[in-house]
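Here's the letter readout for the chains.
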Amino acid sequence: MRYWALAARLARRELRGSLGNFRVFLACLALGVAAIAGVGSVSDAMHTGISRDARQLLGGDISIRMSHRTMPADARAALGQAGQVSEAITMRAMTQSGQGGRRTLVELKAVDGVYPLIGAMALEPAIPLAQALEERDGTMGAVIDPSLSRRLGVAVGDRLRIGNHDFEIRAEIAKEPDRTIRFATFGPRVMVTSAALPRTGLVTEGSLVHYHYRVALPKPTNVPAWIKNFDAAYPKAGWRIRSTQNAAPGFERFIARVTQFLTLVGLTALLVGGVGIANAVRSFLDQRTGTIATLKCLGAPGGLIFTTYLIQVMVLATVGVVIGSAIGAIAPPLTAHLLSGVFPVTIPLGFYWKPIGMAALFGYVTTLAFAVWPLGRARNVSAAQLFRALVVPPDGWPNPGYIALTAVAALALAALAFFATDDPRLALSFIIGACGVLVVFGGGTALLLRLIRRLPSPRHPGLRLAIANLHRPDNTTPSIVLSLGLGLTVLVTVALVQFNMAYQITQQIPKQAPSYFFIDIQPHQVEPFTTLVRSISGVAKLEHTPMVRGRIVRVAGVPIEQVKPDKDIAWAVNGDRGLTYATHLPEDAKVVAGDWWPEDYSGPPLISFDANVARGLGVGIGDTITLNVLGREITATIVNLRHIDWATLGMNFVFVFAPGTLEAAPHSVISAVYAEGTEAEEAVQGLVTERFPNISAIRVKDALENANRILDAVAIAVRTTASVTLLAGIFVLAGAVVAGQHRRIHDAVILKVLGATRRRVLFSYLVEYAILGLLTAIVASAVGTVLGYFIITELMRAEFVVSAMAIGLTVSIALLSTIGLGLFGTWRALGMKAAPLLRNK
Amino acid sequence: MTIGTVDPSQSRHDAAQSIVDLRDVHLNLRSAAGEVNILRGISLDIRAGATVSIVGPSGAGKSTLMMIVSGLESASSGQVQVAGHDLSALGEDALAEFRRDNIGIVFQAFRLIPTMTAMENVAIPLELAGTGDAFRQARESLGRVGLADRVQHYPDQLSGGEQQRVAIARAFVSKPALLLADEPTGNLDRTTGDSVVELLFDLQTRHGTTLVLITHDEILATRCDRIIRMADGLILAEPTSSDTTLKTA
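About the thresholds
- Every chain is numbered independently, its residues counted from 1 as its sequence is written.
- Note on labels: chains are lettered from A, ligands numbered from 1, in written order.
- Reporting in this predicted model follows two pLDDT cut-offs: at least 70 for local features of residues, and 80 or more for side-chain atom pairs to be given and counted; totals over whole chains, interfaces and linings ignore these cut-offs and use all residues.
- Think of it this way: any DSSP run of H or I at least four residues long counts as a helix, any run of E at least two long counts as a strand, and we number them from the N terminus.
- Our exposure labels follow a C-beta count within 10 Å of each residue's own C-beta, placed from the backbone: buried means 20 or more other C-beta atoms, exposed means 12 or fewer, and partly exposed covers the counts in between.
- We call two residues in contact whenever the C-beta atoms placed from their backbones are within 7 Å.
- Polar here means any residue other than Ala, Val, Leu, Ile, Met, Phe, Trp, Tyr, Cys and Pro, which are nonpolar, and Asp, Glu, Lys and Arg, which are charged; Gly is therefore polar.
- The span expected for a helix works out to 1.5 Å for each residue beyond the first.
- What is called the bend at a residue is the angle between a pair of axes, fitted to the seven residues leading up to and ending at it and to the seven starting from it.
- Joined through C-beta atoms within 7 Å, a set of buried Ala, Val, Leu, Ile, Met, Phe, Trp, Tyr and Cys residues constitutes a nonpolar core.
- Just so you know, the domain bounds were taken from an automatic or database domain assignment.
- By definition, two strands form a pair when at least two bridges between them are found by DSSP.
- pLDDT expresses how confident the predictor is about each individual residue, on a scale running from 0 to 100.
- Axis definition: a line fitted to C-alpha atoms, over the contacting stretch in the case of helices. Angles run 0 to 180 degrees between N-to-C directions.
- When an angle is under 35 degrees it counts as roughly parallel; over 145 it counts as roughly antiparallel; between 65 and 115 it counts as roughly perpendicular; any other value is oblique.
- Should the near helix be turned anticlockwise from the far one by less than a right angle, the crossing is left-handed, and should it be turned clockwise, the crossing is right-handed.
- The reported arc concerns the directions from the helix axis to the C-beta atoms and nothing else.

Colleague: Would you mind going over the overall build of chain A with me for this structure?
Modeller: On a plain count of helices and strands, chain A comes out with 25 helices and 21 strands. By principal-axis analysis of the C-alpha atoms, chain A measures approximately 100 × 65 × 60 Å. Within chain A, the fraction of its 841 residues that count as buried is 44%.

Colleague: So what exactly am I meant to see when it comes to the overall build of chain B here?
Modeller: A tally of helices and strands in chain B yields 8 helices and 11 strands. A buried classification covers 52% of the 249 residues belonging to chain B. Look at the contacts in chain B between residues 6 or more apart in sequence, and 71% of them connect residues 24 or more apart.

Colleague: When you look at the interface of chain B and chain A in this model, what are you seeing that I'm missing?
Modeller: Many authors give the size of an interface as the accessible area that is lost as the parts come together. The interface of chain B with chain A comprises 27 residues on the first partner and 22 residues on the second. Sorting the residues of the side of chain B that touches chain A by element identifies helix H2 (62-70), helix H3 (92-102) and helix H4 (118-129) of chain B as the ones contributing at least two each. At 6 residues, H3(B) tops the list of elements feeding residues into the side of chain B that touches chain A. The residue makeup of the side of chain B that touches chain A, split by class, is 13 nonpolar, 4 polar and 10 charged.

Colleague: Is there a simple way to explain helix H17 (residues 477-512) of chain A in this structure?
Modeller: Two residues of an α-helix separated by three or four positions point the same way, owing to the 3.6 residues in each turn. With 36 residues, H17(A) ought to run about 52 Å at 1.5 Å a step, and its terminal C-alpha atoms sit 49 Å apart, in line with that. Taken as a whole, H17(A) carries its principal kink of about 40 degrees at A:Gln504.

Colleague: Would you take a moment to explain the nonpolar core for this structure?
Modeller: Looking at soluble globular proteins, one finds that nonpolar side chains tend to be buried together. Judged by nonpolar contacts, the single largest core of 220 residues is most densely connected at A:Val732 and B:Ile168. When residues of this core are assigned to their parent elements, the largest contribution, 18 residues, is made by helix H2 (residues 23-52) of chain A. Inspection of this core shows a minimum of three residues originating in each of domain 1 (1-53 + 253-422) and domain 3 (424-511 + 700-841) of chain A. Sequence-distant contacts of B:Ile168, that is, excluding residues within four places in its chain, are made with B:Val106, B:Val145, B:Val196, B:Leu199, B:Leu200 and B:Leu203.

Colleague: Even after reading the chapter, I still don't get the sheet that holds strand S7 (residues 178-182) of chain B, so can you show me in this structure?
Modeller: Residues and elements named next belong to chain B. Pairing is mixed across the open sheet formed by 6 strands, whose spatial order is S6-S7-S8-S3-S9-S10. Each of the sheet's edge strands pairs with one partner strand only, and the pair in question is strand S6 (103-106) and strand S10 (234-235). Two strands pair when backbone bridges link them, and strand S9 (residues 226-231) and S10 are joined in this way by 2 bridges, in the antiparallel orientation. Within the sheet, the bridge partner assigned to Met230 lies in S10 and is Ile235.

Colleague: Teacher, can you tell me more about unusual backbone geometry here?
Modeller: Phi is mostly negative for residues that are not glycine, and the peptide bonds are mostly trans. Residue and element names in this part refer to chain A. Omega for the bond connecting Tyr115 with Pro116 falls within 30 degrees of zero, at -15 degrees, which places this linkage in the cis form. In this chain, Glu124 is followed by Pro125 through a cis amide linkage whose omega measures 5 degrees. Along the chain, Pro125 turns up in the loop between strand S4 (122-124) and helix H5 (129-133). One non-glycine residue, Asp137, lies in positive phi territory at about 50 degrees. In this fold, Asp137 is placed in the loop between H5 and strand S5 (141-144). Taking the number of C-beta atoms within 10 Å as the measure of exposure, Asp137 has 5 and is therefore exposed.

Colleague: Can you help me understand the domain arrangement of chain A in this one?
Modeller: According to the domain assignment, chain A contains domain 1 (1-53 + 253-422), domain 2 (60-246), domain 3 (424-511 + 700-841) and domain 4 (523-693). A separation of 54 Å is found between the C-alpha centroids of domain 1 of chain A and domain 4 of chain A.

Colleague: I tried to follow the environment of A:Phe529 on my own but got confused; where do I start?
Modeller: All names here are of chain A. Checked against the element boundaries, Phe529 lands in helix H18 (residues 526-534). Considering only alpha carbons, one finds Phe529 and Arg691, 162 residues apart in sequence, at a separation of 8.8 Å. Those residues in contact with Phe529 that lie beyond four places of it in its chain are Ile521, Ser671, Val688 and Phe692.

Colleague: Where do I start with the pairing of strand S3 (residues 103-111) of chain A in this structure?
Modeller: Residue and element names in this part refer to chain A. Counting buried residues in S3 gives 7 out of 9 residues, a clear majority hidden from the surface. Bridging between strand S2 (residues 84-96) and S3 involves 9 bridges; their strand directions are antiparallel. Bridge pairing in S3 places Ala88 opposite Val111.

Colleague: What am I meant to see in the confidence of the model for chain A here?
Modeller: Low pLDDT means the predicted atomic positions in that stretch should not be read closely. Averaged over chain A, the pLDDT score is 85; the fraction of residues at 70 or greater is 97%. Per-element confidence in chain A ranges from a low mean pLDDT of 61 for helix H25 (residues 834-840) of chain A to a high of 96 for S5(A).

Colleague: Whenever I open this one, the packing of helix H11 (residues 302-329) of chain A against helix H13 (residues 353-378) of chain A confuses me. Can you help?
Modeller: A pair of packed helices is captured by two measures, namely the crossing angle of their axes and the spacing between those axes. All names here are of chain A. Where H11 contacts H13, the axes come no closer than 9 Å and their chain directions differ by 150 degrees. Overall, the two elements H11 and H13 adopt an arrangement that is roughly antiparallel. Remark: the crossing between H11 and H13 carries right-handed chirality. Each residue belonging to the contact of H11 with H13 can be placed in one class, and the counts come to 16 nonpolar, 7 polar and no charged.

Colleague: How do you make sense of the environment of B:Ser77 when you look at a structure like this?
Modeller: Along the chain, B:Ser77 turns up in strand S4 (residues 77-82). Along the chain, B:Ser77 and B:Ile214 lie 137 residues apart, while their C-alpha atoms are 23 Å from each other.

Colleague: Even after reading the chapter, I still don't get the packing of H2(A) against helix H9 (residues 249-287) of chain A, so can you show me in this structure?
Modeller: All names here are of chain A. Interaxial distance between H2 and H9 falls to 7 Å at its minimum, and their mutual angle equals 170 degrees. When the interaxial angle is binned, H2 and H9 end up roughly antiparallel. For the pair H2 and H9, the crossing hand works out as left-handed. Considered class by class, the residues forming the contact of H2 with H9 number 18 nonpolar, 9 polar and 1 charged.

Colleague: I keep staring at helix H14 (residues 400-421) of chain A and nothing clicks. Help me out?
Modeller: Residues and elements named next belong to chain A. Over its 22 residues, H14 extends 32 Å from the first C-alpha to the last, a length consistent with the 32 Å expected when each residue adds 1.5 Å. Residues Tyr402, Leu405, Thr406, Ala409, Leu413, Ala417, Ala420 and Thr421 constitute the buried set of H14. Seen from one end, H14 has its buried residues packed into an arc of 140 degrees, which puts them on one side. Structural note: H14 exposes Pro400, Gly401, Ala404, Ala407 and Phe419 on the side pointing more than 90 degrees away from its buried face. Tucked into the core, H14 has its buried residues touching H9, H13 and helix H15 (424-454). Positive phi appears at Asp422, one or two residues downstream of H14, with a value of about 55 degrees.

Colleague: Honestly, the environment of A:Glu705 in this entry has me stumped. Any pointers?
Modeller: Counting through the fold element by element, A:Glu705 comes out in helix H21 (residues 700-739). With 13 C-beta atoms counted inside 10 Å, the residue A:Glu705 sits in the partly exposed group.

Colleague: In this structure, what is going on with the confidence of the model for chain B? I would like to understand it.
Modeller: All names here are of chain B. Residues of chain B with pLDDT of at least 70 account for 88%, and the chain-wide mean is 85. Note on residues 1-15: pLDDT under 50 across the span, and 32 contacts to partners over four residues away in sequence or across chains. Confidence over residues 240-249 falls short of pLDDT 50; this stretch has 22 contacts with residues more than four positions distant or in other chains. Interface scoring of the predicted complex returns ipTM 0.81; its pTM is 0.77.

Below, the structure is given as structure tokens:
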């Protein structure tokens, strides 16, 4: 106890006036902790907001969705007895602004008189929903999303044709309580009454229509038990039931994924900051070499020296952690302000101690991982030096105990990364990546320095001095290249991935993708539809295939609720999927295992399955998949696996049935039309939707533009977060410049004494920092390009294109940072008068 | 964890005995240029309570001899017995505790800790030894060197002479058996230096401490009982003295 008390007392004394030495330390630590705490707090706030407003988002305590068909009467009656029920019908439909006006695809929602059960619709003008949708003089009312007004050039009072009926626009939607954020929206919302829907003539057998039943249960009701009983009573219903526990599952998954990613970005910033922490601690301890030697001379054991400075560093770490946590804690209100109107629920303000605690832990462990090494080395200060004029810091490695402690801290950091991301594969990739990048940066810098050292010495003295400064003893080149380079690597990787994805979406995919998908084609419309489309000049290709919706209920006999699919294919088992049947192998399909069925196959149900989804579900040829199709369970055997290239945007299906199973089920047909040129495209849409009002046209270009917009928004968010890493790198650079200040002043004075002009000294420093910037840019661009190449070609299976702009940006930032900060730091050195410094020497 | 594993019974030495006993001490260091022989066979016996000055040109090995005696440097060979301890048998931490309990050192460059007040600087050896009333003793020690009114001052708020007085107070506060002073007046002007020397000898007499003093100042050297001359890592010659025994030259 006395030992710790004495160490604490000594640490307190050593803290006096030393805060200035730790500015970079505090900045690096606070930045990393703030990033992790901020990301975690915002994520927690969003989850809290979603669960708080879950009833509103869900539209009740329970939401049941059925595809293609309504709920059986007995089940519907049971629902009515359980609580208040609201029914809604959703589908995609084409709309037209009046007769002969513009057409566009919308998401149509037909609601009953009690909608919404929870929350309230807000309309502009502010009239009740029932009043807005009521029938007036034989015309039904509709309320629309403001974006549809802009797209079609319509306003309140105008007519809107949907299917066979002209609706009157009565108001614009200001708020739809149960509308969650969805990334795959095909068009703006149009809301009408359920009573008006039959007038459109859009709902026919096989149409892609979803029926939603929202139930407000009386309190108290054990909702999970109720769902279980209700499900058990109708085992073959084939519906999807959600409760407030998973009101917005897709969005929550998205938040979780983004949080994971941004936490790792924050951790990268913290690791980069760790270099700054190590530099700051080393630089501070170097300054304290005399004090440490004196303490040892007076009888302080090495362990006491270590403990004293460890306490001091951890006290300072606490300051950094508190600053970072405070910044992280104000992230939710800031985000709430930024996302007001975009996020479907209000982000609740509050202190989210869990993510902040985790960020603080990250901060402390990172400090330990990076500070123990220089602290351990400090105890090796030789007190005998006190008899000499110059007391110099020790070099070499610390004692094995401190190396082991550093390793333990590094392992703890890795364990925290596992815990924080909750995804062992992702965490492992991150850890291996981080170690790999450290090795590559360390090795790359050493190699480049060795090359520079071996180059013939330039004749120009300024140039010679600049190059020598890069590799002289105690140079900061490796730590600057590593820290600034890491930030730049993240930036260049993000820039390259974004560039390549945008390139795919805007350049590559449109080359092979169809122009339109037409959905809800009735089987009897196929022939006239085909004749019409083929008659349009510029149509190069037309494909159609039957489609019915169904969902997996069992995999190899195991109920889907008990199956744990790989995360990357979870989408295939979440909700309904399109199913089709085919006699022949589709044109672009590649069978990778098993054989396609014979043309004249007749027998028990067989399916051809997506090879990737099969892998993720752990099934193969001979296994069975049970699907619920329109309330009927069909168990089919997998006979072959196909490789599907989703990037072609062709008509690909995870499940393709052999003939003889789905033909009898009510279904519609989906068609892909490849048209060349804008004129042909417009003609296709105009003529088809004019002649067949029930057929909806999805323009692929619009969908791609939508995807590109989302990508742009995500890229901005990612790049902003990646900038945190770069900022940490710049802090480290600033720290290194400050630490080298004393040496610069000394060098500048000596050079001036020896007759160098300020201009010459300045030139030398300028060249040194420019080379440093270039070195950093070369290593960062190389590593970033390799990482980008890996992500694009291996993970996204796309063609990789190098972007000169991304590389140029990296070089510019590197040069601007090193030269700017370097010269800012050396300006004082140039202005120093020689005499006072020499007198002190 | 505790501080202080050196047997206290060994730390206070009988006045009649040798406090420093070196036998054929060599120190060889490796450098880029090859092996350098810093000390080349030093044997020296200093009786407790004596005052000894060590003189010689730069590079003679005077400071290195001090380092060996204080346990800050390990001899390459030979026997080093100080205050009853065989220093070659002690580890790093035990040597630190040995210094804490037996040795006081005054440096030419004062070596005060800049972040600590005068009183804290003086109290440090006592705090390290776990002395309960470290600050009271430190205050008294500062009073004895004439700095009672400067106890809360930081080193950079004190003059060179005052800093050296603080260093002397620190060296004497734990009543060490052996005081090593390395050019204690080297950074001071003549007048200040003289007063510091007076103080040093006054305290030495009062405490009966053995004083080993490195100096370039011949007049100061003659104030000691014994003068040892060194050059090139060897002890050259020494006037006869009742307190010293020259064994090897």
